[in-house]
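Chain by chain, the residues:
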Amino acid sequence: MGKGMPYVEKEHTGLRRGKRMTEKQGKNKVCSVSARCGGCQRIDEPYEVQLQAKAVRFRKMMEPFCKTEGILGMERPEHYRCKVNAAFGEDRRHNVISGIYEEKSHRIVPVDSCLIENEKADAIIVSIRGLLKSFKIRPYNEDTGYGLLRHVLVRTGHATGQILVVLVLSSPILPSKNNFVKALLKLHPEITSIVINVNERNTSMVLGDREHVVYGKGYIEDRLCGKVFRISPKSFYQVNPMQTEKLYGKAVEYAALTGKEMVLDAYCGTGTIGLIASEHAGRVIGVELNGDAVRDARSNAKRNQVKNIQFYQNDAGKLLLQMAEQGESLDVLLMDPPRSGSSREFLEAAARISPGRIVYISCNPETLVRDLKILAGHGYRVERSVAVDMFPFTEGIESVSLLVKHGG
Ligand code: SAH
């Protein structure tokens, strides 16, 4: 993929409408490695066709519940991923390569620039690859266990322009560390922080547990819907910040808060949705299983001087059950579970507490539909639902649905 690519639709208009190209048919024009990488299942379709197909699929899946309100697409759907990860290795001739793992394998497909990744992040990864030889840094070899550099992770702040580079090493010592950092900053003065992460294990997890900051603050900040969020190397943060604003905007709109409500942000991650909703609500509580995310959520509350929010580290189902048993009341439930969806325990406890409104944010329409059926059995009706294209060129469908309690 060349830089500054024009809008992809031009390349494709009139070509193979709706059909996929296989490797046998020839290489994709937009990306020469798409067949091996497998990340962009819809790369051969003009963006408008992708949007249409996702909207239709979502409408059909939601047919038993409500009429959907279409899909919110992007004006420029390329290079939306603000988090980019490159694996490092060697080819057969021992040249250093960096890129993406081939689908379902650990073979590296060399990638210099990618249609959906942030372009600055890609350029930084290429520069790092270029520096390795003169610094005598070898990429890590998974089979032999030799070599130092395993991955480079780059996180970029869409609104702030801040850039965090994480060098994932197989051991804690980076030779000539200071000179390496200096050389990288000379090539990319836009980098605001560099962190070394040590991953000594033989694992498919990218990041290890230990990290030390070698330049800057060790994290970036980004702004979403007027609030500032801290993003550390490991925090969950939506990968497409432009569309995330639309997604959260819809969630807050559906919640129809008046300033008095008691709100629960379930599966809250770093607290983004709850913090954005907090200024329209009476009180918000957030619940999240991951300890690092809860720590970030608390610091995000302080950073934004939000006083009417509290975060709990717990299983969302357990917390909701406790609330139900203690007879607590809830006006609005915001929920954003992982791909696997919510649990029966959670949904039944939610029905017992019986909030007037439930706003269900989902990244997987299959589990959404499954969960909506359970809630429908408890008197909840889906009143509104919209898809948001968070992952252009891929199959992913993100959505927000509003459920209202009837007859309760
Ligand atoms: N709402 C957040 C995060 C959504 S991702 C955002 O928009 O950024 C889903 C989150 O659910 C992850 O942070 C994951 O750690 C958390 N999670 C997964 N299972 C959970 C459970 N059983 N209870 C609470 N949180 C859970």
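Bear in mind the structure is a predicted one, so any value in this text is a computation, not a measurement.

### Some remarks on the packing of aromatic side chains
Then comes step 1: Inspection of the entire model under this criterion finds three aromatic pairs.
Then comes step 2: When the ring of Tyr47 is compared with that of Phe393, the centres are 6.3 Å apart and the planes differ by 40°; the resulting orientation is tilted. Note that Tyr47 is positioned in helix H3 (residues 47–62) and Phe393 in the loop between strand E16 (380–388) and strand E17 (398–405), a separation of 346 residues in sequence.
Then comes step 3: Relative to Phe346, the ring of Tyr267 has its centre 5.3 Å away and its plane inclined at 50°; by these criteria the two rings are tilted. Here Tyr267 is found in the loop between strand E11 (262–266) and helix H7 (272–278), whereas its partner Phe346 is found in helix H10 (residues 344–353), with 79 residues between them in sequence. The exposure classification of Tyr267 matches that of Phe346, with both residues buried.

### Quick look at the sheet that holds strand E3 (residues 96–101)
Then comes step 1: Here seven strands make up an open sheet; going across it, the order is E4-E3-E2-E5-E6-E7-E8 and the pairing mixed. Each having just a single partner strand, strand E4 (108–110) and strand E8 (210–215) make up the two edges of the open sheet. Taken over all neighbouring pairs, the strand axes of this sheet differ in orientation by 35° on average, direction set aside.

### Some points on the environment of Ile374
Then comes step 1: Inspection of the secondary structure puts Ile374 in helix H11 (residues 365–376).
Then comes step 2: Separated by 30 residues in sequence, Ile374 and Arg344 place their C-alpha atoms 7.9 Å apart.
Then comes step 3: With residues up to four places along the chain from it excluded, the contact list for Ile374 reads Arg344 and Leu347.

### With respect to the packing of helix H4 (residues 119–132) against helix H5 (residues 177–187)
Then comes step 1: Look at H4 against H5: their axes get within 10 Å of each other, and the N-to-C directions meet at 140°. One way to sum up the angle between H4 and H5 is to call them oblique. Like other packed secondary-structure pairs, H4 and H5 cross with a definite hand, here right-handed. Of the residues in H5, those touching H4 at Ser127, Ile128, Leu131 and Leu132 are Phe180, Ala183, Leu184 and Leu187.
Then comes step 2: Grouping the constituent residues of the contact of H4 with H5 by class yields seven nonpolar, one polar and no charged.

### Topic: the packing of H3 against H11
Then comes step 1: Running from N to C, H3 and H11 point in directions that differ by 20°, and their axes come no closer than 10 Å. With respect to H11, the element H3 is oriented roughly parallel. Classified by chirality, the crossing of H11 by H3 is right-handed. For the pair H3 and H11, the contacting residues are Arg57, Phe58, Met61 and Met62 in the first and Pro365, Glu366, Leu368, Val369 and Leu372 in the second.

### Quick look at the confidence of the model for the protein
Then comes step 1: Mean pLDDT over the protein: 92, with 93% of residues reaching 70 or higher.
Then comes step 2: Throughout residues 1–26 the model reports pLDDT below 50, and contacts reaching past four residues in sequence, or to other chains, amount to 46 contacts.

### Looking at the sheet that holds strand E14 (residues 332–335)
Then comes step 1: The sheet built from eight strands is open, its strands ordered E1-E16-E17-E15-E14-E11-E12-E13 with mixed pairing. Each edge of the sheet is formed by a strand with only one pairing partner; in this case those strands are strand E1 (71–72) and strand E13 (309–313).
Then comes step 2: With five bridges connecting them, E11 and strand E12 (residues 283–288) associate as parallel partners. Each residue of the ladder has a partner; that of Ala266, found in E12, is Val287.
Then comes step 3: Contacting strand E15 (357–362), E16 and E17, H11 runs over the sheet at an angle of about 160° to E15.

### Here we look at the pairing of E17
Then comes step 1: Burial analysis of E17 places seven of its eight residues in the buried class, the great majority of the element.
Then comes step 2: The pairing of E15 with E17 spans six bridges and is antiparallel. The partner of Arg357 across the bridge, within E17, is Val404.
Then comes step 3: Across eight bridges, the pairing between E16 and E17 is antiparallel. Paired with Val388 across the two strands is Glu398, which belongs to E17.

Conventions we followed
- Residues numbered from 1 in each chain as written.
- Predicted model: local features only at pLDDT ≥ 70, side-chain atom pairs only at ≥ 80, totals over all residues.
- Heavy atoms only, no water.
- Phe/Tyr/Trp six-rings, centres within 6.5 Å; stacked < 30°, edge-to-face > 60°.
- Helix = DSSP H or I, 4+ residues; strand = E, 2+ residues; numbered from the N terminus.
- Buried < 20%, exposed > 50% of the residue type's maximum accessible area, 1.4 Å probe, protein only.
- Pairing = 2+ DSSP bridges.
- Axes fitted to C-alpha atoms, helices over the stretch in contact; angles between N-to-C directions.
- Contact = heavy atoms within 4.5 Å.
- Parallel < 35°, antiparallel > 145°, perpendicular 65-115°, else oblique.
- Left-handed = near helix turned anticlockwise from the far one by under 90°.
- Nonpolar A, V, L, I, M, F, W, Y, C, P; charged D, E, K, R; others polar.
- pLDDT = per-residue confidence, 0-100.

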